[in-house]
Amino acid sequence: MLVLTDPQRRQRLLARTPVSAVWGIGRRLGRRLNDMEIETALDLAQTDYRLIRKRFSVVQERVVRELNGESCLPLETRLEPRQQIIHSRSFGEPVASLVAVRQAVSDFTARAAESMRAEGLSAGAISVYLRTAPVGKPQQLFPHSARATLSPATTDTRVMVRHAMEMVSALWQAGYRYGKAGVMLTDLGPAGREQVTLFREDDNAEKGKALMAVMDTINRSGKGKVWLAGRGVNQAARCVWAMRRAHLSPAYTTRWNDLPRAR
């Protein structure tokens, strides 16, 4: 633990800290401060904050105030609940096949639902949007979207995919090439709030929760991947709408094949 209640000790440490190492400054802004003969965190703390605000912005002014012991950013002790979860991707190439778009939206819905369950939430509504690809003429670039209410709220990917597929069928227009699609889950609340109404039969909601828990456990374990068939079982067909990853950065810390080799 580092205690900086002693003003003299605090100043000694600030004098030993390069200004570019101060949170919120960085190397690029640090070089501009160096041109003003501000080399250390102590130099910055002793600079008139009004000058810093005039030359830079209110963000840097707050940094100066913080260095002088003035709290400008309140401590957040509780995270605000999420309002929405979005999963969207641009396709690797323009897609003119309804089957391919349905597979993509099914995959995006499943990924959004998995993220939602990981946070202990359920969704009360789902939205889907499709956007045409800006390729060639006279094709017109336009987005189409639709929204469906999930009543009762659900954590079941199957329920959300079913609604998403209905919306895709309603939004689809033959003759256009689509370049992007997305899914948004809204009306989020704590999981467990789902309640079957008096006018609706129980559709095995508890079994659905158990199934989703098993799928999430398997997918997180790294031992295999389980998904709904709507995403497609043919890898070659999936490559039509999957993102291009030719320029993906190497995963040096998680993939053996990406480790650099010295010769």
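Here, the structure is the one placed above.
Fair warning: this is a prediction, and the values are worked out from it, not measured in the lab.

Conventions we followed
Residues numbered from 1 in each chain as written. Predicted model: local features only at pLDDT ≥ 70, side-chain atom pairs only at ≥ 80, totals over all residues. Heavy atoms only, no water. Helix = DSSP H or I, 4+ residues; strand = E, 2+ residues; numbered from the N terminus. Buried < 20%, exposed > 50% of the residue type's maximum accessible area, 1.4 Å probe, protein only. Contact = heavy atoms within 4.5 Å. Areas by Shrake-Rupley, 256 points an atom, 1.4 Å probe, with all protein chains shown as cover. 1 Å grid on protein atoms, 1.4 Å probe; cavity = no way out; pocket = protein on both sides within 12 Å on 5 of 7 lines; lining within 4 Å. Points joined across faces, edges and corners; volume = space filled by probe spheres on them. Nonpolar A, V, L, I, M, F, W, Y, C, P; charged D, E, K, R; others polar. Salt bridge = Lys/Arg side-chain N within 4 Å of Asp/Glu carboxyl O.

**Observations regarding the overall build of the protein**
Argument step 1. Broken down by element type, the protein carries nine helices and five strands.
Argument step 2. Written out in order from the N terminus, the α and β elements of the protein read α-α-α-α-α-β-α-β-β-α-β-β-α-α.
Argument step 3. In the protein, which comprises 263 residues, the share counted as buried stands at 36%.
Argument step 4. Partitioning the contacts of the protein with sequence separation of at least 6, the portion at a separation of at least 24 is 68%.
Argument step 5. Surface exposure of the protein reaches about 17900 Å², of which carbon and sulfur atoms provide 52%.

**Points about the layout of surface pockets**
Using a probe with the size of a water molecule, rolled over the atoms, empty space left in the structure can be pinpointed.
Argument step 1. Within this model, the largest pocket holds a volume of roughly 380 Å³.
Argument step 2. Around the largest pocket, the lining is made up of 14 residues, and of these Val22, Trp23, Val63, Glu66 and Leu67 lie nearest the centre.
Argument step 3. Broken down by secondary-structure element, the contributors of at least two residues to the lining of the largest pocket are helix H1 (7–16) and helix H5 (58–67).
Argument step 4. Per-element tally for the lining of the largest pocket: the top contributor is H5, with five residues.
Argument step 5. Among the residues forming the lining of the largest pocket, the class breakdown is ten nonpolar, one polar and three charged.
Argument step 6. The computed volume of the second largest pocket comes to approximately 320 Å³.
Argument step 7. If you list the elements that add at least two residues to the lining of the second largest pocket, you get helix H6 (98–118) and helix H8 (205–221).
Argument step 8. The greatest single-element share of the lining of the second largest pocket, amounting to five residues, is contributed by H6.

**Quick look at the pattern of salt bridges**
Argument step 1. As enumerated under the stated definition, the model contains eight salt bridges in all.
Argument step 2. In this structure, the salt-bridge partner of Asp48 is Arg50, at a minimum N-O distance of 3.2 Å.
Argument step 3. Since its relative accessible area comes to 34%, Asp48 is described here as partly exposed.
Argument step 4. Among the ionic pairs, Arg111 bridges to Asp107, the shortest N-O distance being 2.9 Å. You can see Arg111 and its partner Asp107 sitting in helix H6, four residues apart, about one turn around the helix.
Argument step 5. Taken together, the shared-partner salt bridges in this structure form one network comprising Arg53, Glu61, Arg65 and Glu70.

**Here we look at empty space enclosed by the protein**
Argument step 1. As enumerated under the stated definition, the model contains one cavity of 30 Å³ or more in all.
Argument step 2. Among the residues making up the lining of the largest cavity, the classes are represented as three nonpolar, one polar and two charged.

**Some details on the environment of Gly30**
Argument step 1. Position of Gly30 among the secondary structure elements: in helix H2 (residues 26–35).
Argument step 2. Each C-alpha atom, one on Gly30 and one on Pro18, is 8.5 Å from the other, the two residues being twelve residues apart in sequence.
Argument step 3. Beyond its immediate sequence surroundings of up to four residues, Gly30 is in contact with Val19, Ser20 and Ile25.

**Here we look at H5**
Argument step 1. Along H5, the residues classified as buried are Gln60, Glu61, Val63, Val64, Arg65 and Leu67.
Argument step 2. Where H5 is buried, its residues touch H1, H2, helix H3 (41–45) and helix H4 (49–55).

**Re unusual backbone geometry**
Argument step 1. In this chain, Ser151 is followed by Pro152 through a cis amide linkage whose omega measures 0°.
Argument step 2. In this fold, Pro152 is placed in strand S3 (residues 143–154).
Argument step 3. If you check the backbone angles, Asp187 has positive phi at about 50° while not being a glycine.
Argument step 4. Along the chain, the position of Asp187 falls in the loop between strand S4 (178–186) and strand S5 (189–190).
Argument step 5. Judged by its relative accessible area of 44%, Asp187 falls in the partly exposed class.

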